[in-house]
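Residues per chain are reported as follows:
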Amino acid sequence: MKTFEAIGAIETFGLVFVLEACDAMCKAADVELVGYENVASGYISVIVQGDIAACQSAVEAGVKAVESMGAEVYSSVVIAGPHLDLNKIINRYQLNTLLSEEEGDAV
């Protein structure tokens, strides 16, 4: 797996708000959408990766987008220079992994 300088994440309540956050994040900076996780009871996290400045800009844009819709961001973070072992977590939430699991559920 390709390594990045940073990862950024936002957690909010509801799919509509996380979609708005993700859209703003990807439009605001040169980041790659890693994936998402429905944490519990409607809380959803979205993860991006890229260089440090891009992740910071993306997370700021995502937070602003959610708040402009009148919703609350439960948490947000930018991790600069993530330890390589974080890939073990990030790999679990990659879109291609999540989509292949859903296909297996449909069979």
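Use the structure listed above.
Attention in this report is confined to the structure presented alongside it.

## Observations concerning the overall build of the protein
Tallying secondary structure elements over the protein gives four helices and four strands in all. Ordered by position from the N terminus, the helices and strands of the protein form the series β-α-β-β-α-β-α-α. Residue pairs in contact within the protein that sit at least 24 positions apart in sequence constitute 72% of those at least 6 positions apart. In the form shown here, the protein has an accessible surface area of approximately 6300 Å², with 55% of it arising from carbon and sulfur atoms.

## As for helix α1 (residues 15-28)
Between its terminal C-alpha atoms α1 stretches 20 Å, which fits the 20 Å expected from 14 residues at 1.5 Å a residue. Residues V18, A21, C22, A24 and M25 constitute the buried set of α1. Along the axis of α1, the buried positions cluster into a sector of 165°, meaning they face one direction only. Facing away from the buried side of α1 by more than 90 degrees, the exposed set consists of L15, V16, L19 and K27.

## Focus: the packing of aromatic side chains
Summed over all chains, the structure comprises two aromatic pairs. Residues F13 and Y43 carry aromatic rings whose centres are separated by 5.2 Å and whose planes lie at 75° to one another, so their mutual orientation is edge-to-face. Here F13, found in strand β1 (residues 6-13), pairs with Y43, found in strand β3 (residues 43-50); they are 30 residues apart in sequence, far enough to count as distant. Judged by relative accessible area, F13 falls into the partly exposed class, the value being 45%. Note on Y43 and Y74: the rings are 5.0 Å apart at their centroids and 50° apart in plane angle, and the pair reads as tilted. Linking Y43 in strand β3 with Y74 in strand β4 (residues 73-80), this pair joins segments that are 31 residues apart in sequence. Residue classification places Y43 among the partly exposed positions, given a relative accessible area of 32%.

Criteria and thresholds
- Residues numbered from 1 in each chain as written.
- Predicted model: local features only at pLDDT ≥ 70, side-chain atom pairs only at ≥ 80, totals over all residues.
- Heavy atoms only, no water.
- Helix = DSSP H or I, 4+ residues; strand = E, 2+ residues; numbered from the N terminus.
- Contact = heavy atoms within 4.5 Å.
- Areas by Shrake-Rupley, 256 points an atom, 1.4 Å probe, with all protein chains shown as cover.
- Expected span 1.5 Å × (residues − 1).
- Buried < 20%, exposed > 50% of the residue type's maximum accessible area, 1.4 Å probe, protein only.
- Arc of directions from axis to C-beta.
- Phe/Tyr/Trp six-rings, centres within 6.5 Å; stacked < 30°, edge-to-face > 60°.

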